[in-house]
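The primary structure of each chain is shown beneath.
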Amino acid sequence: MVRWYQFVLAMVFLTRMPLERLLPARVLPLAASSWAFPLVGAVVGAVASLPFLLPGPALLHAALSLALAVWFTGALHEDALADFIDAAGGRDREERLRIMRDPAIGSFGVVALILTSLIRVAAISVLGPWHLVAAAACGRTSTVLTLGAMLPARPDGLGRAAGTPGARNVVMASLIAILCLLPVAGDGVFLALLAGLAATGFTIWQARVWLGGHTGDVLGTASVLTETAMLAVFALSV
């Protein structure tokens, strides 16, 4: 039952699903639910695959797929990406953290959203449902890896409240992500995995340089960039 509650909490945190009433009255630590993040990613990928059932051109299916995924997750990761990339305009750590908390979006963030969206739509247009499931699961796993790789950059906020996943949850999340990759084994999966790890590593490195740790925006950025990188390599391999 505890695992079920942890999965539900992960769904509540990472999607728009109104499942709060299924949670117990006691407070559950988010980090303890991190093992379920790739499972939620798989659900997001499955939901994003629904437009493939419709008639029409593949490019339209891809655009509808991305739109459905963004709606289903409340644009949580896209908003994080825009905020984190906008921090490039900051001169020091304090200014970057201030920029990331500003609700307005800057030119860097807009460009990042446009480019990642174009890449994802172009890639999805030549891929199948299992590629979406695999990339989305790995994207959420990158969040767990990032959460475990650094300390929070702020004394408050989501990064601090989330806690540390611990080695066991990191391993469980990684194993679930690997299982989600099995249906696409042979379709450039090894190169896609390397690309995803590179995107995760880049995000961790940049967060350390800019902020000295992670925030909620860093976690969301890792997810988007990892998923985008893997979709791109999958598409180049078909």
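Structural notes, computed from the coordinates. Since we're looking at a predicted model, the values are computed, not measured.

1. Let's talk about the nonpolar core
- Counting 51 residues, the largest nonpolar core has Val40, Leu181, Met230 and Phe234 as its most contacted members.
- Elements with a contribution of two residues or more to this core: helix H1 (2-14), helix H2 (37-48), helix H3 (58-73), helix H6 (107-124), helix H7 (129-149), helix H9 (166-181), helix H10 (189-210) and helix H11 (216-237).
- Among the elements that make up this core, the one with the highest residue count is H1 (8 residues).
- With residues up to four places along the chain from it excluded, the contact list for valine 40 reads Phe7, Ala10, Met11, Leu14 and Thr15.
- Membership of the second largest hydrophobic core comes to 11 residues, among which are Ala87, Leu97, Met150 and Trp210.

2. Some remarks on the layout of surface pockets
- Considered as a void within the structure, the second largest pocket measures approximately 190 Å³ in volume.
- What lines the second largest pocket is a set of 14 residues, among which Cys138, Thr141, Leu145, Leu193 and Leu197 lie closest to the centre.
- If you list the elements that add at least two residues to the lining of the second largest pocket, you get H7, H9, H10 and H11.

3. Here we look at the packing of aromatic side chains
- Per the stated rule, a full pass over the model turns up 5 aromatic pairs.
- Ring geometry for phenylalanine 13 against phenylalanine 37: centres 6.0 Å apart, planes inclined by 25°, an arrangement best described as stacked. Of the two residues, phenylalanine 13 is situated in helix H1 and phenylalanine 37 in helix H2; the sequence distance between them amounts to 24 residues.
- Consider the rings of phenylalanine 84 and tryptophan 210, whose centres lie 5.1 Å apart with planes at 50°: the pair is tilted.

4. Details of H6
- Taking 1.5 Å of rise per residue, 18 residues should cover 26 Å, and H6 covers 26 Å from first to last C-alpha, within 8% of that figure.
- Along H6, the residues classified as buried are Gly109, Ala112, Thr116, Arg120, Val121, Ala123 and Ile124. Angularly, the buried residues of H6 cover 165° about the axis, an arc narrow enough to put them on a single face. Of the residues in H6, the exposed ones pointing more than 90 degrees away from the buried face are Ser107 and Leu118.

5. Quick notes on unusual backbone geometry
- With a phi angle near 55°, alanine 75 is a residue other than glycine that sits in the positive phi range.
- By the secondary structure assignment, alanine 75 is in the loop between H3 and helix H4 (76-86).

6. Re H7
- Here H7 spans 30 Å end to end across 21 residues, near enough to the 30 Å set by a 1.5 Å rise per residue.
- With 16 of 21 residues buried, H7 lies mostly within the body of the structure.

7. Some points on the side chain of glutamate 227
- Along the chain, the position of glutamate 227 falls in helix H11.
- A relative accessible area of 14% places glutamate 227 in the buried class.
- Those residues in contact with glutamate 227 that sit more than four places away from it in its chain are Ala135, Ala136, Gly139 and Arg140.

Parameters and conventions
Residues numbered from 1 in each chain as written. Predicted model: local features only at pLDDT ≥ 70, side-chain atom pairs only at ≥ 80, totals over all residues. Heavy atoms only, no water. Core = buried A, V, L, I, M, F, W, Y, C linked by side-chain atoms within 4.5 Å. Buried < 20%, exposed > 50% of the residue type's maximum accessible area, 1.4 Å probe, protein only. Helix = DSSP H or I, 4+ residues; strand = E, 2+ residues; numbered from the N terminus. Contact = heavy atoms within 4.5 Å. 1 Å grid on protein atoms, 1.4 Å probe; cavity = no way out; pocket = protein on both sides within 12 Å on 5 of 7 lines; lining within 4 Å. Points joined across faces, edges and corners; volume = space filled by probe spheres on them. Phe/Tyr/Trp six-rings, centres within 6.5 Å; stacked < 30°, edge-to-face > 60°. Expected span 1.5 Å × (residues − 1). Arc of directions from axis to C-beta.

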